[in-house]
Amino acid sequence: MNIRRYSPDFKQKKEPFEWFCSDRFLSPKVFARLQSEFPQNGYRKSHREEGDEKYYSTWDLLAIDNGVPVLDTWNNLTTAWKSMLITILSEGYRNYSSTLTGRDLTETHLHVRFTIYHENCWLAPHCDRTDKVITQTLYFPTGAIEGGELLILGSSDPDDIKETVAPAPNRSVILLPSPYSWHSVRKVVSGSQHARRALLLHYVSSDNK
Ligand SMILES: O=C(O)CCC(=O)C(=O)O
Ligand SMILES: [Fe+2]
């Protein structure tokens, strides 16, 4: 799998916190294959609307837990997806992400999950847990989606929107968590014919697996 992992088109953003965005993360051919073979089954609904942590409604499928593939998921992946995840787990990819972001990833464990936002799915403003050193999202939408944008916020106020990032095909975003890295996902509109599908990579500090 020839991931464009040394692709120069990640643009660095410094406001209102540090993050990166690429509009062409994978080669078009690789993207098309992964897009058509995106896993469809085995997702669990994550839903929480109370408590003092993040509020959300999404469908999740864990693929890599603490750097180790989850067998139930792995056994149902296509060859292209297995190859993609092997590349993501490689030292080369970790080094690339570390060099790009300037964050030390040597003592981190990788968690990878597939997520699907159907109609009415959303994610409330949050900063990501402080044990997350970087988070990366790759978007594989099934078509044009109304809603579902990643909102880069200036504060915990959901209306304090600094940038709106549509979950466009082959777009990828890297966030550098901090006490100021407020972001959210706008609700996918009711009746949406298309789903917001994404692959999420979280590099988590090994002190707090
Ligand atoms: O799906 C996205 O664009 C962001 C997801 C996110 O912020 C998270 O899972 O913490
Ligand atoms: Fe987040």
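Residues numbered from 1 in each chain as written. Chains lettered and ligands numbered in written order. Predicted model: local features only at pLDDT ≥ 70, side-chain atom pairs only at ≥ 80, totals over all residues. Heavy atoms only, no water.

The protein chain appears in an unreviewed UniProt entry as Fe2OG dioxygenase domain-containing protein from Xenorhabdus bovienii str. puntauvense.

Enquirer: Just to check I follow, could you spell out the site of ligand 1 for this structure?
Expert: Looking at ligand 1, there are eleven residues lining it, with His126, Asp128, Tyr139, His183 and Arg196 nearest. Between an oxygen atom of ligand 1 and a side-chain N or O atom of histidine 183, the distance comes to 3.0 Å. Summarising the interface, the protein chains cover 93% of the accessible area of ligand 1, which totals 300 Å² for the free molecule. Counting residues per element, the ones that place at least two in the shell around ligand 1 are β7 (122–126), β8 (132–139), β12 (183–185) and β13 (196–205). (Near = heavy atom within 4 Å. Polar contact = N/O pair within 3.5 Å; in protein donor to acceptor, adjacent residues only side chain to side chain. Areas by Shrake-Rupley, 256 points an atom, 1.4 Å probe, with all protein chains shown as cover. Helix = DSSP H or I, 4+ residues; strand = E, 2+ residues; numbered from the N terminus.)

Enquirer: So what exactly am I meant to see when it comes to the coordination of the iron ion (ligand 2) here?
Expert: Ideal coordination angles are 109.5 degrees for a metal with four donors arranged tetrahedrally and 90 or 180 degrees for a metal with six donors arranged octahedrally. Listed as protein donors to the iron ion (ligand 2) are His126 (NE2), Asp128 (OD) and His183 (NE2); their distances from the metal cover 2.1 to 2.2 Å. Read in sequence order, the donor residues for the iron ion (ligand 2) give the motif H-x1-D-x54-H. Placement of aspartate 128 in the loop between β7 and β8 and of histidine 183 in strand β12 is noted, with a sequence separation of 55 residues between them. Here aspartate 128 matches histidine 183 in class, with each residue buried. (Donors = N, O, S within 2.8 Å, 3.2 Å for Na, K, Ca; no water. Buried < 20%, exposed > 50% of the residue type's maximum accessible area, 1.4 Å probe, protein only.)

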